[in-house]
Amino acid sequence: MKEDVNLINFSSLLHPFQGTLLTTMGTDIGKDGEHKEASKPNIIAIAWIMPVSTTPPALVFAIRKERYSYKLLKENGEFAVNIVTRNLKDAVFYCGTKSGKNCDKFKETGLTPEKAKFIKVPIIKECIAHIECSVRGIIDEGLDHVLVIGNVISAYADSEYFDKHWKTKKINLLLHLGGDVFTTNENSEFKATPKSSS
Ligand SMILES: Cc1cc2nc3c(=O)[nH]c(=O)nc-3n(C[C@H](O)[C@H](O)[C@H](O)COP(=O)(O)O)c2cc1C
């Protein structure tokens, strides 16, 4: 029997989404080159994210305007998407429940900021893949999230776990079901069977 799902929970029907950690940073840098407290690199957990173009490469994610990361994104115009594995579940949950307005999430989670290839915003060393982006545009349709479109400048992944697609027999990706509940891929890989044309 199919029962009605409360519309407040409709999005859960579309999960799991790949858990990601998105890094941002402000532009308020002191004379000594040090980041002032309010512009330090920050990390936010983002699950509502997807590609929207391959040529040119671009992605989109949904973010609430009140997030501290949104303020930093608008200041700086750059961000990195860092792909997470199951072992990072607690760090992802921390970054997804605390605001960088009140804490240093790199310090609190023990995650390590690492220099990105092209953007000033750091990537996260412990993640297995990174997508460096610049903000292409923001779509605000008066909903409770806005859509941020990112131009993909660079993408790189640990070759032990990725070759054109994730090697799911070797890696447990962290997939978000909702709230504090996660799942992961089973250690298998299978192909679709093409229908034979008659
Ligand atoms: C797994 C997970 C995924 C999340 N996905 C999103 C998302 O796609 N968009 C969003 O606006 N918030 C999302 N959140 C909530 C933010 O990560 C959370 O509000 C965070 O504390 C904001 O941090 P900030 O204020 O430092 O930017 C998610 C939370 C979790 C735990």
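These remarks concern the structure in this document. (Residues numbered from 1 in each chain as written. Predicted model: local features only at pLDDT ≥ 70, side-chain atom pairs only at ≥ 80, totals over all residues. Heavy atoms only, no water.)

## A short note on helix α1 (residues 68–76)
And step 1. Of the residues making up α1, those classed as buried are Tyr 68, Ser 69, Tyr 70, Leu 72, Leu 73 and Asn 76.
And step 2. Check the buried side of α1 and you find it contacts β2 (20–24), β3 (42–46), β5 (57–63), β6 (78–83), β9 (129–139) and β10 (146–157). (Buried < 20%, exposed > 50% of the residue type's maximum accessible area, 1.4 Å probe, protein only. Helix = DSSP H or I, 4+ residues; strand = E, 2+ residues; numbered from the N terminus. Contact = heavy atoms within 4.5 Å.)

## Concerning the site of the ligand
And step 1. Neighbouring residues of the ligand: 22 residues in total, closest Ala 45, Ser 69, Lys 98, Ser 99 and Gly 100.
And step 2. Within the backbone of Ala 62, a nitrogen or oxygen atom sits 2.9 Å from a nitrogen atom of the ligand.
And step 3. Against a free-state accessible area of 650 Å², the protein chains account for coverage of 91% of the ligand.
And step 4. Elements with a contribution of two residues or more to the shell around the ligand: β3, β5 and α1.
And step 5. With four residues, the top contributor of residues to the shell around the ligand is β3.
And step 6. Taken together, the residues that form the shell around the ligand break down as 10 nonpolar, eight polar and four charged. (Near = heavy atom within 4 Å. Polar contact = N/O pair within 3.5 Å; in protein donor to acceptor, adjacent residues only side chain to side chain. Areas by Shrake-Rupley, 256 points an atom, 1.4 Å probe, with all protein chains shown as cover. Nonpolar A, V, L, I, M, F, W, Y, C, P; charged D, E, K, R; others polar.)

## Points about a nonpolar patch on the surface
And step 1. Taken together, Leu 7, Phe 10 and Leu 14 make up a surface patch of nonpolar side chains, about 370 Å² in accessible area.
And step 2. For Leu 7, the location among the structural elements is in the segment before β1 (17–18).
And step 3. Judged by relative accessible area, Leu 7 falls into the exposed class, the value being 69%. (Patch = residues over 30% accessible without salt bridge, like charges linked within 9 Å, V, L, I, M, F, W, Y side chains within 5 Å. Salt bridge = Lys/Arg side-chain N within 4 Å of Asp/Glu carboxyl O.)

## A look at the side chain of Thr 24
And step 1. Structurally, Thr 24 can be placed in strand β2.
And step 2. Taking relative accessible area as the criterion, Thr 24 reaches 0% and is therefore assigned buried.

## What about the pattern of salt bridges?
And step 1. Here the structure, examined in full by the defined rule, presents five salt bridges.
And step 2. As a salt-bridge pair, Arg 64 and Glu 66 come within 3.8 Å of each other at their nearest N and O atoms.
And step 3. By relative accessible area, which is 26% here, Arg 64 ends up partly exposed.
And step 4. Assessed through its relative accessible area of 58%, Glu 66 is described here as exposed.
And step 5. Its salt-bridge partner being Lys 71, residue Glu 75 comes within 3.0 Å of it at the nearest N-O pair.

## What about the packing of aromatic side chains?
And step 1. Under the criterion given, the structure shown has two aromatic pairs.
And step 2. Between Phe 61 and Phe 79 the ring centres are 5.2 Å apart and the planes differ by 75 degrees, which places this aromatic pair in the edge-to-face class. One end of the pair, Phe 61, is in strand β5; the other, Phe 79, is in strand β6, with 18 residues separating them in the sequence. For the pair shown, Phe 61 and Phe 79 are each scored as buried.
And step 3. Between Phe 162 and Trp 166, the aromatic rings sit 5.0 Å apart at their centres with planes inclined by 75 degrees, giving edge-to-face as the arrangement.
And step 4. The class for Phe 162 is partly exposed, based on a relative accessible area of 32%.
And step 5. Against the face of Tyr 156 rests Lys 117, its NZ or CZ located 4.1 Å from the ring centre. (Phe/Tyr/Trp six-rings, centres within 6.5 Å; stacked < 30°, edge-to-face > 60°. Lys NZ or Arg CZ within 6 Å of the ring centre and 35° of its normal.)

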